[in-house]
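# Structure at a glance
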Amino acid sequence: MHIAEGFLPAGHAAGWWLVSAPFVAHGLYSVGRTLREKPETKLMLGASGGFAFVLSALKLPSLASGSCSHATGIGLGAILFRPPAMAVLGSIVLLFQAMLLAHGGWTTLGANVFSMAIVGSWVAYGLFHGGRIVGLPFAVCVFLAAMGGDLATYCTTALQLALAHPDAVSGFAGAVAKFLVILAWTQIPLAISEGMLTVLAINMLTAYDPSQLGGLVDFPQRIARRHARLLTLGIALLIGVPLVIGLLGGDEASFAGADGLVSESIEEQGYQPWCSSLWSPPNAEIESLLFSLQAAIGAGLVFYCVGYHRGQHAKDPERPHDVSD
Amino acid sequence: MYLIDPWANHSRWRERPTEVLLLSAGLVLLTLLLPPLPCAVVILLLSAVAILAGAGIPLGVYLRTMAVPMSFLVMGAATLALSVSVSAEGRLCLAVTPDTLTHAGLVFLRSMAAVSSMMLLALAVPMGEILSLLRRWRAPIVLVELMALVYRLLFVFDKTLSAMMRAQACRLGYRNLRTSYRSLGAVVAALFIRVIDRARRLERGLAARGDQGELRVLACRHPVSRGAIGLILLIHLALVSLGLLVEGGGPWPN
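Owing to the predicted nature of the structure, the values given are computational and were not obtained by experimental measurement. (Residues numbered from 1 in each chain as written. Chains lettered and ligands numbered in written order. Predicted model: local features only at pLDDT ≥ 70, side-chain atom pairs only at ≥ 80, totals over all residues. Heavy atoms only, no water.)

## Some words on the overall build of chain A
From N to C terminus, chain A includes ten helices and two strands. In sequence order, the secondary structure elements of chain A are arranged as α-α-β-β-α-α-α-α-α-α-α-α. Put simply, chain A has 325 residues, and 44% of those count as buried. Pairs at least 24 apart in sequence give 69% of the contacts found in chain A among residues at least 6 apart. A total of about 17,400 Å² of accessible surface is found on chain A, and carbon and sulfur atoms cover 68% of it. (Helix = DSSP H or I, 4+ residues; strand = E, 2+ residues; numbered from the N terminus. Buried < 20%, exposed > 50% of the residue type's maximum accessible area, 1.4 Å probe, protein only. Contact = heavy atoms within 4.5 Å. Areas by Shrake-Rupley, 256 points an atom, 1.4 Å probe, with all protein chains shown as cover.)

## Overview of the interface of chain B and chain A
Contact residues are listed per partner, giving 74 residues for chain B and 77 residues for chain A. Carbon and sulfur atoms make up 82% of the area that chain B and chain A hide from each other, which totals about 6,700 Å². Our enumeration of links across chain B and chain A arrives at one salt bridge. For the pair chain B and chain A, the number of links is eleven residue pairs in polar contact (both at pLDDT 80 or more). For the side of chain B that touches chain A, the elements supplying multiple residues, two or more each, are α1 (4–10), α2 (17–33), α5 (70–81), β1 (83–86), α6 (98–124), α7 (127–136), α8 (141–170) and α9 (177–208) of chain B. (Buried area = accessible area lost by both parts, 1.4 Å probe. Salt bridge = Lys/Arg side-chain N within 4 Å of Asp/Glu carboxyl O. Polar contact = N/O pair within 3.5 Å; in protein donor to acceptor, adjacent residues only side chain to side chain.)

## Some remarks on empty space enclosed by the protein
Residues and elements named next belong to chain A. In this structure the tally under the stated criterion is seven cavities of 30 Å³ or more. Space inside the largest cavity adds up to approximately 80 Å³. Residue lining of the largest cavity: Met1, His2, Thr72, Ile74, Met116, Asp150, Thr153, Tyr154, Thr157, Gln187 and Leu190, and that is the complete set. If you list the elements that add at least two residues to the lining of the largest cavity, you get α6 (138–164) and α7 (171–207). Of the residues contributing to the lining of the largest cavity, the split by class is five nonpolar, five polar and one charged. (1 Å grid on protein atoms, 1.4 Å probe; cavity = no way out; pocket = protein on both sides within 12 Å on 5 of 7 lines; lining within 4 Å. Points joined across faces, edges and corners; volume = space filled by probe spheres on them. Nonpolar A, V, L, I, M, F, W, Y, C, P; charged D, E, K, R; others polar.)

## Points about the packing of helix α3 (residues 36–54) of chain B against α6 of chain B
All names here are of chain B. Close contact between α3 and α6 brings their axes to 9 Å; oriented N to C, the two are set at 25°. Relative to α6, the element α3 lies roughly parallel. Handedness of the α3/α6 crossing: left-handed. Together, Pro36, Leu37, Ala40, Val41, Ile43, Leu44, Ser47, Ala48, Ala50 and Ile51 of α3 and Leu106, Leu109, Arg110, Met112, Ala113, Ser116, Ser117, Met119, Leu120 and Leu123 of α6 make up the contact between the two elements. Residue classes in the contact of α3 with α6 are distributed as 16 nonpolar, three polar and one charged. (Axes fitted to C-alpha atoms, helices over the stretch in contact; angles between N-to-C directions. Parallel < 35°, antiparallel > 145°, perpendicular 65-115°, else oblique. Left-handed = near helix turned anticlockwise from the far one by under 90°.)

## A look at the confidence of the model for chain A
All names here are of chain A. Residues at a pLDDT of 70 or more form 85% of chain A, whose mean pLDDT is 82. When mean pLDDT is compared element by element in chain A, α6 scores highest at 91, while strand β2 (residues 69–70) scores lowest at 68. Confidence over residues 214–218 falls short of pLDDT 50; this stretch has ten contacts with residues more than four positions distant or in other chains. In this model residues 321–325 is a low-confidence stretch, pLDDT under 50, and it forms two contacts with partners more than four residues away in sequence or in other chains. (pLDDT = per-residue confidence, 0-100.)

## Overview of the pattern of salt bridges
In total, this model carries five salt bridges over all chains according to the counting rule given. Where Asp167 of chain A meets Lys178 of chain A, a salt bridge forms, and the shortest distance between an N and an O atom there is 2.8 Å. Of this pair, Asp167 of chain A sits in the loop between α6 and α7 while Lys178 of chain A sits in helix α7, and the two are eleven residues apart along the sequence. Accessibility expressed as a relative area gives 9% for Lys178 of chain A, which makes it buried. Measuring nitrogen to oxygen at the nearest pair gives 3.6 Å for the salt bridge that ties Arg135 of chain B to Glu145 of chain B. With a gap of ten residues between them, Arg135 of chain B in helix α7 and Glu145 of chain B in helix α8 connect regions that are remote in the sequence. When its relative accessible area of 25% is taken as the criterion, Arg135 of chain B is described as partly exposed. Take Glu145 of chain B: its relative accessible area is 4%, and that puts it in the buried class.

Structure follows, in structure tokens:
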């Protein structure tokens, strides 16, 4: 569902153009670099754009009777061509849709490019690779990517419309709710059917000899290295973000244990402890000594296991030394 | 589906891309910038007259292209007309007030005028002329080349797609929902493989002919009429002054 020409006021239209411009410029830059290295990929890109346009005009069999919906092809495109190229191809497809099919518009092109070719394709791409990292089955990842891309596009469109036309009484929040509900009628069945269709299409594509597809369908090996990097980044974030939050939290109390906080709050309500510990450490230094001893024993055990397994790998000549290679 | 493209090639103004682009883009911008109550109506009428009388597009074609964005416009305007809020007691309140109705009406009117002005370029000038114009104005060459390729190939692929779907329909591929999804999945996958194959064959053909990385085609240069440009600027100026005249009185949608 594209925002029609003239539906956004001038300021909003210009704003969304400015927001989308860096993404499209980055896409153009990366496409231009690929073209300088391998000029022959130009035809492949042009053909992919034609494919994306034809796909976006495809009428889907309707799940809910009465609603006729068109595919968007974002999920498939983001998986096959990666989001930077999709920003360029998506802009071209949206411009042609405005000029040849009267869907969308020029001044609203920025907003439509942002919701579909940028947010939609990055969400689809993220969901696909995130699902692969977590270890979900392939078909589930494809389904989630195609459906999530469509849903993200639809939510972004609702947000854009609500920002431009806030409700007279309930303001921005009410307008978001209104547009989400109105658009849901066509967009949620569309997301589900496009998810199913994309799974079927990708399954049939992988049944075809992948070497014929010339590295465009880059499923297992090429992705593995990127996944390893993403996984490391994810772990670093998981460790880093709570640390930063803790440091910004400031006072020492933010590091206080849950046990102490809970027993305090229970005693505040008038409950009395009816038994006490058999033995408690004589002072705080002994207590922290015991804690660090416990940590040292645990660390020793964990690293013994890691080292043992690494040694086992090294002994086995059949297996590679490093998993990431 | 492709209603606009054949008519653009039959338009009376197909050899005047510069003038039509100036008129159409100017009208779209003015629609957004000027108060809609007098201006959008004038612009809607002006663009309709330009499309029907100037470019010689039949009324039926114009109305059918204008009907395409109508589902979005009607739904969007209805949403604007209805105000939804939650009262202090937690009840849902739906309201239609004169204010929301005016707002919805103005946005609808402005959108109609803008769509009609955009269709002026789409219906009156073929895409090939617009692309050669962009090339002459030194738009990023990567973008223009990609656009030209996409434009040339999309009709080929659409024909392939409809041939494949007809073949499936003849074999009862769209008998019920289950088979429809299976057939559509198969047709998308098959089309993708066809697309890759065609791109590779085109690539080989171009390489064999000494491709330098740019697809140069002979573009006809159409003389730009000074009088027409002057008239178009005069129209824009008249619209701006009309907008300024009613600046205080004309209601503004957001």
